[in-house]
Amino acid sequence: MKLRLTAMILLSLCLSQAFADEGMWLLGNLRKNKQAERVMKELGLQMPVNKLYNPKKPALANAVVSFGGFCSGVVVSEDGLVFTNHHCGFSAIQSHSSVEHDYLADGFWAYKMEDELTNPGVTASILERMEDVTDRIAPFLKDDMSEMDRGAMIDSISAVIVKEAVAGTKLSGQVQPMFEGNQFFLFLYTIYKDVRLVGAPPQSMGKFGGDTDNWMWPRHTADFSMFRIYTAPDGSPAEYSKDNVPLKPKHYLPVSAKGVKDGDFAMIMGFPGTTDRYTTSFGLQNTMDVTNDIRYKVRTVKLEVMREEMAKSPKTRIQYASKYASCANYWKYSNEQNKALRNLNTIGNKQAIEREFTAWVNADPARKAMYGTVLSDIEQAYKGLKEFSVAETYAQEALAGPESHLFAYQAGRGIELLGKAETSDKEKEAIKAQLGEMAKAFYKDFNADVDAKLFAVLFKVYSDNVSEELHPEVITLINKKYKGDYNKYAAGLKAKSVFMSEEAFAAFLAKPDMKKLAKDPVYQAGKSFYTIYLKLSTMTKAIRE
């Protein structure tokens, strides 16, 4: 499951075959939420609520980690040892793997701290405190504001709130809307940047059941990986250094070997993703018919290409293991969610709620004047949105499916600076060094044969499913110049582009040629993608507002 660094949420439930109750609560609201406290006590919580989260004293929340900004983890030792899911550590495990040392297949264990492996870019964030700042934002939001003006107002006030809160500290902050923008919270984190791989089971255990069992419960798997947080000697967050020391956490969760028994109280504290539970039946239909359906169809094609190429070479298998797993995760999610929504008749349930809402609105003239056309307006907006939403989703899934054109566009912006007379020699050297580092990271897990095949099949998917007036230049070019032969077009990319191999890119970077860059077919594909995607995003945003 992909998670986002937003809010600390608490889920509590009773482990019992006969009875289960649950709820999701913001930690900052727990002391005010007497119902939540009562439910947890009834289910068996034995500690005071302020032991779960307390901005003034160490509490359980200080042991919970947002791992990498997309997963949850927990500190389990006084030396900063962190447990997270296997898939959350998968990309780190993959990055250290090679044909000679295949940690994905064999697992990895550091028996001494000096054997732990560094992971540039991986962070571990711990919530220090959260604060309801609705009173500072809500008074400035008016009913007659456009969504753009409302968003701009929220962003500007939030920036001031965060700046004030982090001044004189080493904290990072963000203001997040909750409950469909009706409440706003400030979250303050300590973000640790030296996070090292300690251990992981073999993939055969950590991903036991693979995509077949993914998003299914119960699932029996060794679903964990282990990392350690390091800090500067004074305990503050720091980039990697050999002088760094293991984190001394405010609180950690001791690991119990006693296990659990039927009826025991259990709770999960972490960083869930967003929810669309308040969407209308029209929005849900759009999610099922557009977002989920297109994502599943396109990724089925993409996964087949990667799977075939990964089977040809151990090196390719390792290079694309994390990419494949990431793609497959929401491929499975999209299909299974649609099945569940149909089985549960969720759209029918939404429509029943909307009928109740309409009756409530029509019962009062004032309410009817204010809300009488709300549902019909939303329905019409989704109808107007569909064509562009379809194209935007195909752009996200198909046009952005290969990789080299995205890298080419990003690198090209830096290369263009090398051709400008006003760029000093010192600046040029710095740009080349930065581009060299980008290339090193990109080409480590890049295979031109795989990417060319992805260009051929995925660009054709876009062409076949999106109306011509929403085709980017590159698709029009293939359909005219190459007469729709996407395999021929893709083969030409390998022969003509400097971005299809690390060696060709390095040679080009040594002697950059702006005319050659402008004519490069992979760079052109990148520019074409970003142009159409910006156009589609602007269109869909305008309709949504």
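Structural data are supplied above this passage.
Keep in mind that what you see is a predicted model, and the values were worked out from it rather than measured.

Caption draft 1: Looking closely at the packing of helix α13 (residues 404-418) against helix α20 (residues 521-544). Where α13 contacts α20, the two axes come as close as 7 Å, and the packing angle between them is 95 degrees. One finds that α13 runs roughly perpendicular with respect to α20. Each of Ser404, His405, Leu406, Ala408, Tyr409, Gln410, Gly412 and Glu416 in α13 lies in contact with α20, whose residues at this interface are Val522, Tyr523, Ala525, Gly526, Lys527, Phe529 and Tyr530. The residue inventory of the contact of α13 with α20, partitioned by class, reads 8 nonpolar, 5 polar and 2 charged.

Caption draft 2: Summary view of the nonpolar core. Counting 62 residues, the largest nonpolar core has Phe459, Tyr462, Phe499 and Phe505 as the members making the most contacts within it. Top element by residues in this core is helix α15 (residues 448-465). It accounts for 10 residues. If we ignore the near neighbours within four places in the chain, the residues touching Phe459 are Ala398, Leu399, Pro402, His405, Leu454, Val474, Ile475, Ile478, Tyr486 and Tyr489. Counting residues in hydrophobic clusters, the runner-up holds 26 residues, among them Val75, Cys88, Phe108 and Leu247.

Caption draft 3: Structural detail: helix α17 (residues 486-496). Burial in α17 covers these residues: Tyr486, Tyr489, Ala490, Gly492 and Leu493. Here the buried residues of α17 occupy an arc of 155 degrees about the axis, which is enough to place them on one side. Exposed residues pointing more than 90 degrees away from the buried face of α17 are listed as Asn487, Lys488 and Ala495. Residues of α17 that are buried sit in contact with α15, α16 (473-481) and α20. By the N-cap criterion, in which a side-chain oxygen at the helix start approaches the backbone nitrogen of a residue two or three places on, α17 is capped by Asp485, the distance to Asn487 being 3.3 Å.

Caption draft 4: Examining a nonpolar patch on the surface more closely. Judged by side-chain polarity, Trp360, Met370 and Tyr371 come together as a nonpolar surface patch covering roughly 330 Å² of accessible area. Note that Tyr371 resides in helix α11 (residues 365-371). Judged by relative accessible area, which is 33%, Tyr371 ranks as partly exposed.

Caption draft 5: How the structure looks around the environment of Phe407. Residue placement: Phe407 occurs in helix α13. Taking the relative accessible area as the measure of exposure, Phe407 reaches 4% and is therefore buried. In sequence terms Phe407 and Pro272 are 135 residues apart; their C-alpha atoms lie 30 Å from each other.

Caption draft 6: Structural context of the packing of aromatic side chains. Tallying each qualifying case throughout the model produces 27 aromatic pairs. A centroid spacing of 6.4 Å and a plane angle of 20 degrees characterise the contact between Phe187 and Tyr189, whose relative ring orientation is stacked. Look at Tyr189 and you get buried, because its relative accessible area is 1%. Members of the aromatic cluster, each reached through a chain of ring pairs, are Phe407, Phe442, Tyr443, Phe446, Phe499 and Phe505. Above the face of the Tyr230 ring, Arg196 is positioned so that its terminal group lies 3.7 Å from the ring centre.

Calculation rules
Residues numbered from 1 in each chain as written. Predicted model: local features only at pLDDT ≥ 70, side-chain atom pairs only at ≥ 80, totals over all residues. Heavy atoms only, no water. Axes fitted to C-alpha atoms, helices over the stretch in contact; angles between N-to-C directions. Helix = DSSP H or I, 4+ residues; strand = E, 2+ residues; numbered from the N terminus. Parallel < 35°, antiparallel > 145°, perpendicular 65-115°, else oblique. Contact = heavy atoms within 4.5 Å. Nonpolar A, V, L, I, M, F, W, Y, C, P; charged D, E, K, R; others polar. Core = buried A, V, L, I, M, F, W, Y, C linked by side-chain atoms within 4.5 Å. Buried < 20%, exposed > 50% of the residue type's maximum accessible area, 1.4 Å probe, protein only. Arc of directions from axis to C-beta. Polar contact = N/O pair within 3.5 Å; in protein donor to acceptor, adjacent residues only side chain to side chain. Patch = residues over 30% accessible without salt bridge, like charges linked within 9 Å, V, L, I, M, F, W, Y side chains within 5 Å. Areas by Shrake-Rupley, 256 points an atom, 1.4 Å probe, with all protein chains shown as cover. Salt bridge = Lys/Arg side-chain N within 4 Å of Asp/Glu carboxyl O. Phe/Tyr/Trp six-rings, centres within 6.5 Å; stacked < 30°, edge-to-face > 60°. Lys NZ or Arg CZ within 6 Å of the ring centre and 35° of its normal.

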